[in-house]
Amino acid sequence: PAVVVEAQAHQRQLNLERRRQICQQLADYLAATDWANADIKAAEQILRAARTEWRDCHPVDRNPGKPVEERFETLQSELHGHIKSAWDENLGRKRAIVEEAGELAASERPLTDKINSAKQLQQRWREVGTTPRRPDQPLWGEFRAACDAIFNAREEERQAREEERHARDEALVAAEEDHRRLHDEFAAHLETLTPESVDASDLQAYRRRFQDLPRVSERRQNAIEKSFDELARTFAGLLGQQQLLRVRQQLDALEAEDSRSAIDAGEVTEPALYNELYTMTLDVELTAGVESLPEDRERRLELQVAKLNAGLGGNRDDAEPDWLDLANTWCELGPKGADTAKLRRRFFQALRLLIDR
């Protein structure tokens, strides 16, 4: 039927226009990026995302679509070239580190110096940017083998020292037993606790008792402190869960109150406010790694590119926001209509994911 043909033609035209927009966004990104200091991992994501969205914009009419496709492939090739250049440079840096690690392992330098140098090499390795997995794996295998040889020698030396000190440790058995009893008591108490019942004053009391015990040998004291710290971290984890429950409850209350106020405010939200709420929702979903709806894809990509460009421009703020404050900001915006219900659910669901991370 003519109506169907007309609709198909219209859709092909929309797809073509969106492909032109994708090309322009890629061109703008390529032009705006300082490739000497670029976030290559983000560039890889944009390369893949652009290709995925391009495929989704199908079909298009062949004749007008061909030059757009040629431009897209040229832009993709240019972007891939920048990425590959960074890969090649990073692989070269890793090869140099592997060579240094092999020479270090084979050297006659004092073990302490070798270990410190190995740690520095490990730090340099971590600082190298992204590389392709296939050529990276054998390099990592060589590097790890060289480092393991150094650190294994340290472990052997440490074991020898421990055996020499064993006789002296016997005189400290009584003090160690006091520590063990307190540890066991603390551990047993922990088993009875839940996030709802945990009390921070209990941890303070156990810390005071632990500090009042006589110290043992330095090596054993460190082990005892480490074991106690592990229990304390478990206790602190319960306190964190308790706080998380409270935050979740606050979020639930804010969402419920905002829902009630939206219903009271009427059925339709002002366009400017609705757009602000929509943008907040996409921003939180993007941060949480939540898949947005298909119709949100264009706006989400714009937000993602804007964030990237802001970071490249030196305006990036790496401090994680207070998600509860963000929820309050949402609730303070208004008046909202009942048409914000879906956005509200999405916004608060993404916030819960971020709080639970």
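Below, the structure is looked at part by part. As the structure is a computational prediction, the values presented were derived from the model and not from experiment.

So, how was this worked out
- Residues numbered from 1 in each chain as written.
- Predicted model: local features only at pLDDT ≥ 70, side-chain atom pairs only at ≥ 80, totals over all residues.
- Heavy atoms only, no water.
- Helix = DSSP H or I, 4+ residues; strand = E, 2+ residues; numbered from the N terminus.
- Rg over C-alpha atoms; globule rule 2.2 N^0.38 Å.
- Buried < 20%, exposed > 50% of the residue type's maximum accessible area, 1.4 Å probe, protein only.
- Contact = heavy atoms within 4.5 Å.
- Salt bridge = Lys/Arg side-chain N within 4 Å of Asp/Glu carboxyl O.
- Polar contact = N/O pair within 3.5 Å; in protein donor to acceptor, adjacent residues only side chain to side chain.
- Expected span 1.5 Å × (residues − 1).
- Core = buried A, V, L, I, M, F, W, Y, C linked by side-chain atoms within 4.5 Å.

A few words on the overall build of the protein chain. Across its full length, the protein chain carries 12 helices and zero strands. Sequence-ordered secondary structure for the protein chain, helices as α and strands as β, is α-α-α-α-α-α-α-α-α-α-α-α. Taking 357 residues into account, the globule formula puts the C-alpha radius of gyration at 21 Å, and the protein chain, at 30 Å, lies well above it. Within the protein chain, buried positions represent 34% of all 357 residues. Sequence-distant contacts in the protein chain: of pairs separated by 6 or more residues, those separated by 24 or more amount to 78%.

As a further point, take the pattern of salt bridges. Taken as a whole, this structure holds 27 salt bridges when the rule is applied. The salt bridge involving glutamate 155 is made with arginine 154; its shortest N-O contact spans 3.8 Å. A single network of salt bridges, built from pairs that share partners, joins Glu177, Asp178, Arg180, Arg181 and Asp184.

For the bond from histidine 58 to proline 59, the omega torsion is 5 degrees, close enough to zero to count as cis. Each neighbour pair has its own omega, and for glycine 334 with proline 335 the value is 0 degrees, a cis peptide bond. Secondary-structure assignment places proline 335 in the loop between helix H11 (323-332) and helix H12 (341-356).

Moving on, we get to the environment of threonine 192. Assignment of secondary structure puts threonine 192 in the loop between helix H6 (173-191) and helix H7 (200-212). Note on threonine 192: relative accessible area 56%, which makes it exposed. Note: C-alpha distance between threonine 192 and aspartate 113 (79 residues apart in sequence) is 47 Å. Side-chain polar atoms of threonine 192 contact the backbone oxygen of histidine 189, separated by 2.6 Å.

To continue, consider the side chain of arginine 352. Mapped onto the secondary structure, arginine 352 falls in helix H12. Among the polar contacts made by the side chain of arginine 352, one reaches the side chain of aspartate 252 at a distance of 2.7 Å. Each residue touching arginine 352, except ones within four places of it in the same chain, is listed here: Leu251, Asp252 and Glu255.

The next subject is helix H9 (residues 271-288). With 18 residues, H9 extends 26 Å from end C-alpha to end C-alpha; this agrees with the ideal 26 Å at 1.5 Å per step. Looking only at H9, the buried set comprises Leu273, Leu277, Tyr278, Thr279, Met280, Thr281, Leu282, Val284, Glu285 and Leu286. Glycine 289, located one to two residues past H9, shows a positive phi value of around 75 degrees.

Helix length check: H7, at 13 residues, gives a terminal C-alpha distance of 19 Å against a target of 18 Å (1.5 Å per residue), a fit within 8%. Sitting at the amino-terminal end of H7 is aspartate 199, which places a side-chain oxygen 3.0 Å from the backbone nitrogen of serine 201.

If you look at the biggest cluster of nonpolar residues, it comprises 26 residues, and the most contacted ones within it are Leu26, Tyr29, Trp35, Ile40, Phe72, Leu79 and Ile83. Elements with a contribution of two residues or more to this core: helix H1 (2-32), helix H2 (40-56) and helix H3 (62-106). Discounting residues that sit within four places of it in the chain, isoleucine 83 has contacts with Ile40, Ala43, Glu44 and Leu47. Ranked by size, the runner-up nonpolar core spans 24 residues in total, among them Leu254, Val284, Leu286 and Phe348.

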